[in-house]
Amino acid sequence: MHILNLIRWKNLLLIALVQLLIKYALFEPFLETTNLTITLNGFGFGLLVFSTLCIAAAGNIINDIYDVETDLVNKPSKVIVGSKISEKTANILFITFNVIGVLIGFYLSNLVGRSGFFALFVIISALLYVYASYLKPTLLIGNIIISVLVALSILIVGVFELIPVITEQNKATQLTFFKILLDYALFAFLINLVRELIKDLEDVDGDYKAGMNTLPIAIGRDRAAKIALVVTLVPLLGSIYYVVTYLFKYELFIGYFLIFIIAPLIYIAIRIFSAKSKKDYSHISNMFKLVMLFGMLSLLLYPIVLK
């Protein structure tokens, strides 16, 4: 159980769920009704998901290894490395998950006939290490990097499923579906970015003690909270624009986005405006998790509404 908590199994489940939704809710239902073409069979796609989860698990482990000092202040009851699991064991697990993930990525890249795609797995693995060891304490750069990596966990499905089989005949369809993925990846990037800012507000005491230079430490809590509020308005306004521009004909989409995306983001914006305590910011962070989940679950609506 300690190892499951170390790799943050709940976050990994969300990654797997999103990738499965892309495959089986967004792609598979439209194979017969459009000229959409995908690359991977069930086994190949399973390997892609497993590889992504291994690299993400490795990233979570190395993050916990480097976060021990700050976690002892911010959340002492949840410290695993050095408490429940030795640092040596954690490092072995980090290396093992990374090697498995990258090797599977090498196999998959050659399987789809695009050996250059292998670089994606190496870059993601390297960025997760660099983030944990060097970039996390830096002003905003670490927040942006981890948010980009969250977005890549969505886009990588399109890279492997759509790009290798693009032809002149199906190019327009392939790019349309890839654009849908881009929209979801942008949504995930923005939600994760503002959640990272909220987590910095929540963990400011431990981060300050560890000598980190997060936004709240650099410019103060109040100003950082105002920036988080402004950033929250971007996915909120973006979601409204997306519904009005692309989904205004579909009542189910409109109702879903209003109830599960737009309304919660308005609530979050109000809570950020009035938040003062660590508990307040923890609640807001959890709300962003729910918005991310419901945003990705909206993929289930495409085969219902558009077929």
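Residues numbered from 1 in each chain as written. Predicted model: local features only at pLDDT ≥ 70, side-chain atom pairs only at ≥ 80, totals over all residues. Heavy atoms only, no water.

Asks: How would you summarise the packing of helix 2 (residues 9–27) against helix 8 (residues 171–202) if you had to cite specific residues and measurements?
Replies: The interhelical angle for the contact between helix 2 and helix 8, taken along N-to-C directions, is 135 degrees, at an axis separation of 12 Å. With respect to helix 8, the element helix 2 is oriented oblique. Remark: the crossing between helix 2 and helix 8 carries right-handed chirality. Counted together, Ile22, Leu26 and Phe27 of helix 2 and Phe177, Ile180 and Leu181 of helix 8 form the full contact between these two elements. Looking at the contact of helix 2 with helix 8, its residues break down into six nonpolar, no polar and no charged. (Axes fitted to C-alpha atoms, helices over the stretch in contact; angles between N-to-C directions. Helix = DSSP H or I, 4+ residues; strand = E, 2+ residues; numbered from the N terminus. Parallel < 35°, antiparallel > 145°, perpendicular 65-115°, else oblique. Left-handed = near helix turned anticlockwise from the far one by under 90°. Contact = heavy atoms within 4.5 Å. Nonpolar A, V, L, I, M, F, W, Y, C, P; charged D, E, K, R; others polar.)

Asks: Please provide a residue-by-residue account of the nonpolar core, values included.
Replies: What tends to happen in soluble globular proteins is that the nonpolar side chains get buried as a cluster. One finds Phe27, Leu48, Phe160, Phe257, Phe288 and Tyr302 to be the most contacted residues of the largest nonpolar core, which totals 102 residues. If one sorts the elements of this core by residue count, helix 8 sits on top with 16 residues. The contact partners of phenylalanine 288, leaving out residues within four places of it in the chain, are Ile191, Val194, Arg195, Ile198, Thr232, Leu265, Ile268 and Ile272. (Core = buried A, V, L, I, M, F, W, Y, C linked by side-chain atoms within 4.5 Å. Buried < 20%, exposed > 50% of the residue type's maximum accessible area, 1.4 Å probe, protein only.)

Asks: Tell me about the packing of helix 3 (residues 42–66) against helix 6 (residues 118–135), and name the residues and values.
Replies: Two quantities define a packed helix pair, namely the angle between the axes and the distance from one axis to the other. Where helix 3 meets helix 6, the axes come as close as 8 Å, and the angle between the chain directions of the two elements is 15 degrees. Classed by the angle they form, the pair helix 3 and helix 6 counts as roughly parallel. Considering how the two elements wind past one another, helix 3 and helix 6 form a crossing that is right-handed. Contacts from Leu48, Ser51, Ile55, Ala56, Gly59, Ile62, Asn63 and Tyr66 of helix 3 reach helix 6 at Phe121, Ile124, Ser125, Leu128, Tyr129, Tyr131, Ala132 and Ser133. For the contact of helix 3 with helix 6, the per-class residue count stands at 11 nonpolar, five polar and no charged.

Asks: Describe in detail the packing of aromatic side chains, supporting the description with residues and values.
Replies: How two aromatic rings sit relative to each other is given by the distance of their centres and the angle of their planes. Overall, the coordinates contain 17 aromatic pairs when judged by the stated rule. Here the aromatic rings of tyrosine 24 and phenylalanine 45 are separated by 6.0 Å at their centres, their planes lie at 90 degrees, and the arrangement is edge-to-face. Pair noted here: tyrosine 24 is in helix 2 and phenylalanine 45 is in helix 3, with a separation of 21 residues, a long-range link. Given a relative accessible area of 1%, phenylalanine 45 falls into the buried group. Taken together, the ring pairs in this structure connect Tyr184, Tyr242, Tyr246, Tyr250, Phe253, Tyr256, Phe257, Phe260, Phe294 and Tyr302 into an aromatic cluster. (Phe/Tyr/Trp six-rings, centres within 6.5 Å; stacked < 30°, edge-to-face > 60°.)

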